[in-house]
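Per-entry structural report
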Amino acid sequence: MGQLDGKVAFITGLARGQGRSHALTLAREGAAIIGLDLCGKPSTTAYPGTTESDLQETVRQVEELGGQIFVDIADTRDYAQVKDVFDRGIEQFGRVDIVVPNAGICSGAKTWEIDPEDWREMVDINLNGVFHTVKAAIPTMIAQNQGGSIVFIGSTEALKGAENISSYAAAKHGVTGLMTSLARELGQYNIRVNSVNPTCVDTDMINNDFVYGLFRPDLDKPTREDVIDTFAGTHILPVPWMQPQDVSNAILYLVTEPGRYITATPLVIDAGFIVKS
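Nothing here was measured: the structure is a model prediction, and the numbers come from that model.

**Examining the pairing of strand E1 (residues 8-12)**
Most of E1 sits out of view: five of its five residues are buried. By the alternation rule, side chains of E1 split into Val8, Phe10 and Thr12 and Ala9 and Ile11, which are all buried. Alignment of E1 against strand E2 (residues 32-37), held across five bridges, turns out to be parallel. When the sheet's bridge partners are listed, Ile11 is paired in E2 with Gly35. Following the chain from E1 across helix H1 (residues 17-28) to the adjacent parallel E2, one finds a crossover that is right-handed. As defined by bridge partners, E1 adjoins strand E4 (residues 98-100) across three bridges and the pair is classed as parallel. Looking at the pairing, Phe10 lines up with Val99 of E4.

**Concerning the domain arrangement of the chain**
Often, the extent of an interface is quoted as the loss of accessible area upon association of its parts. On domain assignment, one finds that the chain holds domain 1 (8-201 + 243-267) and domain 2 (207-240). Averaged C-alpha coordinates put domain 1 and domain 2 at centres separated by 26 Å. The interface of domain 1 with domain 2 comprises eight residues on the first partner and six residues on the second. When the buried area of domain 1 at its contact with domain 2 is split by residue, Ala46, Thr199 and Cys200 rank highest and sum to 50% of it. There are zero salt bridges connecting domain 1 and domain 2. Linking domain 1 to domain 2 there are one residue pair in polar contact (both at pLDDT 80 or more). Considering only residue class, the side of domain 1 that touches domain 2 consists of four nonpolar, four polar and no charged.

**Here's the deal with unusual backbone geometry**
Even without glycine at this site, Asn145 takes up a positive phi of about 60°. Note on placement: Asn145 falls in the loop between helix H4 (116-144) and strand E5 (148-153). The phi angle at Asn190 is positive, at roughly 60°, despite the residue not being glycine. Along the chain, Asn190 turns up in the loop between helix H5 (166-186) and strand E6 (191-198).

**What to know about a nonpolar patch on the surface**
Together, Ile236, Leu237, Val239 and Val275 line one region of the surface with nonpolar side chains, adding up to about 370 Å² of accessible area. Mapped onto the secondary structure, Val275 falls in helix H9 (residues 273-276). The exposure class of Val275 is exposed, given its relative accessible area of 69%.

**A closer look at helix H2 (residues 52-64)**
End to end, H2 covers 18 Å across 13 residues, agreeing with the expected 18 Å (1.5 Å per residue, within 8%). In the core, the buried residues of H2 are packed alongside H1, E2 and strand E3 (69-73). Looking one or two residues past H2, Gly66 carries a phi angle of roughly 90°, positive in sign.

Basis of the calculations
- Residues numbered from 1 in each chain as written.
- Predicted model: local features only at pLDDT ≥ 70, side-chain atom pairs only at ≥ 80, totals over all residues.
- Heavy atoms only, no water.
- Buried < 20%, exposed > 50% of the residue type's maximum accessible area, 1.4 Å probe, protein only.
- Helix = DSSP H or I, 4+ residues; strand = E, 2+ residues; numbered from the N terminus.
- Pairing = 2+ DSSP bridges.
- Right-handed = clockwise from strand over helix to strand, strands pointing away.
- Domains from an automatic or database assignment.
- Contact = heavy atoms within 4.5 Å.
- Buried area = accessible area lost by both parts, 1.4 Å probe.
- Salt bridge = Lys/Arg side-chain N within 4 Å of Asp/Glu carboxyl O.
- Polar contact = N/O pair within 3.5 Å; in protein donor to acceptor, adjacent residues only side chain to side chain.
- Nonpolar A, V, L, I, M, F, W, Y, C, P; charged D, E, K, R; others polar.
- Patch = residues over 30% accessible without salt bridge, like charges linked within 9 Å, V, L, I, M, F, W, Y side chains within 5 Å.
- Areas by Shrake-Rupley, 256 points an atom, 1.4 Å probe, with all protein chains shown as cover.
- Expected span 1.5 Å × (residues − 1).

Quick look at the structure:
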């Protein structure tokens, strides 16, 4: 018996990285998965985009666990695409209990040097896409009249600012505001709304030349080895970054019985980053 037997989770950006980890973690506990991913590269990111092969690998791994999953390619910037995937998933599984708007990107520059189109892409994916995800799912959750849980993927930068990634920090601050506002609106329906706010997570989002350069601007072409100590120096605990599973474990806590009275909470998982910095 899993903690989420009979439940259905809607997850965006699940082709790889954190999203795949979240899907596998919830499926391992019995949840069926409805999911989508862009399977492409946004124009502003410094790392490769996801692929259809990545998405199918997530499907393979969920099914290998014995789980059920429905996925398709969609762009969270387009509400109609998000709603279409969600609705077809509901046709297959009949309900939704958990929503994890995970899809997001990271890029940046000095604020005054950010191209307006680049700023718009950041906000469109990291904030508007999150809104589209919950907008698609919430009416069904309310109509079911059986409660539910929404977990936003924030960041330490959703709670504080940072040099060179102001567009990312601004969008993630918006996610925090959306989270607390929705918690107020949905409490009467016994739908809980929280966010998880990790420090750097060991995915493609930090493993790229842009982020390495932020941490070691003294080097022309810093490598992963070059930045490990610098990353670790930002934390109280002696670790450079965390794994996607660490974030997934926090999500699992929030969407299961142990987290039943937690709502409107920005849960920080940061190895002491915010306090130290």
